[in-house]
Amino acid sequence: MKRKLALGVIISAFFLWLASRGIDWKQFREAFAGANYFYVIPGVVFTMLGHFTRAVRWRYMMVPVKDCRIRPLWAATAIAFMVNNLLPARLGELVRAFVIGRSQNVSRSASFATIVYERVIDVFGLIIQLWVCMVLISGPAWVTRSTEILIVLNLAIFVLLWAMVRWRTRFRALTAWMTRPFPSETQHRLHVSADSFVVGLGAVTRPRLALPIAILSVIVWGSAVLALHFCVLALGLKVPWVASLFVIALISLGSMIPSAPAFLGTLQYACVVALGIYGIDRANALAFSAVYHATQFLPITLTGLYYAWKSHLHWRELSEGRLS
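The structure displayed is predicted, hence computed values, not measured ones.

**A word on the environment of Ala 75**
Moving on, step 1. The residue Ala 75 is located in helix H4 (residues 70-86) in this model.
Moving on, step 2. Its relative accessible area of 10% is what places Ala 75 among the buried residues.

**Notes on the nonpolar core**
Moving on, step 1. Among the nonpolar cores identified, the biggest contains 48 residues, and Leu 228, Leu 235, Phe 246, Val 247, Ile 251, Phe 288 and Tyr 292 are the most heavily contacted of them.
Moving on, step 2. Of all elements in the fold, only helix H2 (25-33), helix H6 (108-136), helix H7 (141-166), helix H10 (207-235), helix H11 (242-254), helix H12 (266-276) and helix H13 (282-310) reach the threshold of two or more residues within this core.
Moving on, step 3. The element that contributes the greatest number of residues to this core is H11, accounting for 10 residues.
Moving on, step 4. With near-sequence residues (within four places) excluded, Leu 235 lies in contact with Ala 31, Ala 35, Ala 287, Phe 288 and Val 291.
Moving on, step 5. Listed in part, the 43 residues of the second largest apolar core include Met 61, Val 83, Val 106 and Ile 115.

**Focus: empty space enclosed by the protein**
Moving on, step 1. Evaluation of the coordinates by the stated rule reveals 1 cavity of 30 Å³ or more.
Moving on, step 2. In this structure, the largest cavity occupies an estimated 30 Å³ of space.
Moving on, step 3. Taken together, Asn 84, Leu 87, Pro 88, Ala 89, Arg 90, Ser 259, Ala 260, Pro 261, Ala 262 and Phe 263 make up the lining of the largest cavity.
Moving on, step 4. Looking at the lining of the largest cavity, its residues break down into 7 nonpolar, 2 polar and 1 charged.

**Some details on unusual backbone geometry**
Where the residue is not glycine, phi is negative for most of them; where a peptide bond is considered, it is trans in most cases.
Moving on, step 1. Although it is not a glycine, Ala 262 adopts a positive phi angle of roughly 70 degrees.
Moving on, step 2. Along the chain, Ala 262 falls in the loop between H11 and H12.
Moving on, step 3. You can call Ala 262 buried: its relative accessible area is 8%.
Moving on, step 4. The backbone of Phe 263 sits at a positive phi, close to 60 degrees, despite the residue not being glycine.

**Looking at the pattern of salt bridges**
Moving on, step 1. Scanning the model with the defined rule gives 12 salt bridges in all.
Moving on, step 2. In this structure, Arg 54 and Asp 122 form a salt bridge, with 2.7 Å as the shortest nitrogen-oxygen distance. Of this pair, Arg 54 sits in helix H3 (residues 40-61) while Asp 122 sits in helix H6, placing them 68 residues apart in sequence. Here the two residues Arg 54 and Asp 122 agree in accessibility, since each one is buried.
Moving on, step 3. In this structure, Glu 118 engages Arg 119 in a salt bridge whose closest nitrogen and oxygen atoms are separated by 3.1 Å.
Moving on, step 4. Taking the relative accessible area as the measure of exposure, Glu 118 reaches 0% and is therefore buried.
Moving on, step 5. Judged by its relative accessible area of 31%, Arg 119 falls in the partly exposed class.
Moving on, step 6. Ionic contacts of the salt-bridge type, sharing partners, join the residues Arg 54, Arg 57, Glu 93, Arg 96, Glu 118, Arg 119 and Asp 122 into one network.

**Some thoughts on the state of the cysteines**
Moving on, step 1. Within this structure, the stated rule accounts for 0 disulfides.
Moving on, step 2. Between Cys 231, a cysteine without a disulfide, and Cys 271, which holds the nearest cysteine sulfur, the sulfur-to-sulfur distance is 9.4 Å.

**A few points about the layout of surface pockets**
Moving on, step 1. Volume-wise, the largest pocket comes out at about 1400 Å³.
Moving on, step 2. In terms of lining residues, the largest pocket is bounded by 50 residues, among which Phe 81, Arg 119, Ser 252, Ser 255 and Phe 263 are the most central.
Moving on, step 3. A total of 6 residues in the lining of the largest pocket trace back to one element, the largest contributor, which is H6.
Moving on, step 4. For the lining of the largest pocket, a count of residues per class yields 29 nonpolar, 14 polar and 7 charged.
Moving on, step 5. Considering only enclosed or pocket space, the second largest pocket measures out at about 290 Å³ in volume.
Moving on, step 6. Together, 16 residues line the second largest pocket, and Gly 125, Ile 128, Ser 217, Val 218 and Trp 221 are the ones closest to its centre.
Moving on, step 7. Contributions of two or more residues to the lining of the second largest pocket are made by H6 and H10.
Moving on, step 8. Tallying contributions element by element places H10 first for the lining of the second largest pocket, with 9 residues.
Moving on, step 9. Tallied by class, the residues present in the lining of the second largest pocket amount to 12 nonpolar, 4 polar and no charged.

**Overview of helix H9 (residues 184-200)**
Because an α-helix packs 3.6 residues into every turn, residues spaced three or four apart end up facing the same way.
Moving on, step 1. Between the first and last C-alpha of H9 there are 24 Å, a value that for 17 residues agrees with the 24 Å anticipated at 1.5 Å per step.
Moving on, step 2. When H9 is considered as a whole, its buried residues turn out to be Gln 187, Ala 194, Ser 196, Phe 197, Val 198 and Gly 200.
Moving on, step 3. Elements in contact with the buried residues of H9: H3, H6, H7 and helix H8 (168-178).

Calculation criteria
- All residue numbers refer to position in the chain's written sequence, counted from 1.
- Side-chain atom pairs in this predicted model are given and counted only at pLDDT of 80 or more, local residue features only at pLDDT of at least 70, and totals for whole chains, interfaces and linings cover all residues.
- Heavy atoms from the whole structure form the basis of all side-chain values; hydrogens and water molecules are not counted.
- In DSSP terms, a helix is any run of H or I states spanning at least four residues, a strand is any run of E spanning at least two, and both are numbered starting from the N terminus.
- Partly exposed residues are those whose accessible area sits between 20% and 50% of the maximum for their type, while under 20% is buried and over 50% is exposed, using a 1.4 Å probe and protein chains only.
- Take the buried Ala, Val, Leu, Ile, Met, Phe, Trp, Tyr and Cys residues and link them wherever side-chain atoms come within 4.5 Å; each set so joined is a nonpolar core.
- Residue contacts are counted whenever heavy atoms from the two residues lie within 4.5 Å of one another.
- The distinction between a cavity and a pocket rests on a 1 Å grid over the protein atoms alone: a 1.4 Å probe fits inside a cavity but cannot get out, while a pocket stays open yet meets protein on both sides within 12 Å along at least five of seven lines, and a residue with an atom within 4 Å of a point counts as lining.
- Grid points are joined across faces, edges and corners, and a volume is the space filled by probe spheres set on the points.
- Gly falls in the polar group here, along with every residue not listed as nonpolar (Ala, Val, Leu, Ile, Met, Phe, Trp, Tyr, Cys, Pro) or charged (Asp, Glu, Lys, Arg).
- Salt bridges are counted wherever a side-chain nitrogen of Lys or Arg sits within 4 Å of a carboxyl oxygen of Asp or Glu.
- The rule for a disulfide is simple: a pair of cysteine sulfur atoms within 2.5 Å.
- Expected span, for any helix, means 1.5 Å times one less than how many residues it has.

Any functional reading would require information that these geometric values do not contain.
Structure, rendered in structure tokens:
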């Protein structure tokens, strides 16, 4: 954990340096002083709406496992974001599977499978956004290459998940063959976990769940774009609407890079690069990133801390990765 934190801090420091080098700090302070923070309020509202919609969408993905109520799903989602914001190693998704598994008495492997499927759906949403941006603007060539790589990798993962459900018996046989070197007790435990994981992927092959998941995904990403756009308005940045779409897309790409908790550094650099394409100088872009980052960090972190307290989660277990 400490090594991962140290590596993340180094990477974040590097990207912060890239984002802030050559900046006019006087202009940076003036950007804060001249901001209209009234626009931050709807920004926070849309941020929380996006997070809550994730929980609603997750309910449909959990249908093959268990018909869960929204409240425990929302609590687990908030806790996961809080953990990602405060702890290294991106433990949030593991914690999320643990929390919903404990509160709803379902397999953690099955819960985690729904989260894997959710990430695949989110990457498809990101790909669509990047495609729209490439059609409407002339962005850097590396964005086009990144999109092409994402399409190939995500399609491959989706097909793999679909195949695991479609040919479940063969997957069981493959699991049995791969676990032969282990003791019988370990084999049994791995078989049960693998089988539960496949159960959690049930939504992949259920067409009737595809439409609500797709609609809710549009709301998730739409809320994220609107939340960012209100921060653009707060800083008074003169950019077209598609800029908000492009910034969100680059922040999402940046979040895939290992970093310190809360995506510090990678988020700032993504904002500076994306807004720079629209002629926004580094000082204003960095000031924007600080305001936007605060709207993403504070509300959901406080909400997650509240639900962690309600769920009697021990901080030492979370920080040391000992979930039992």
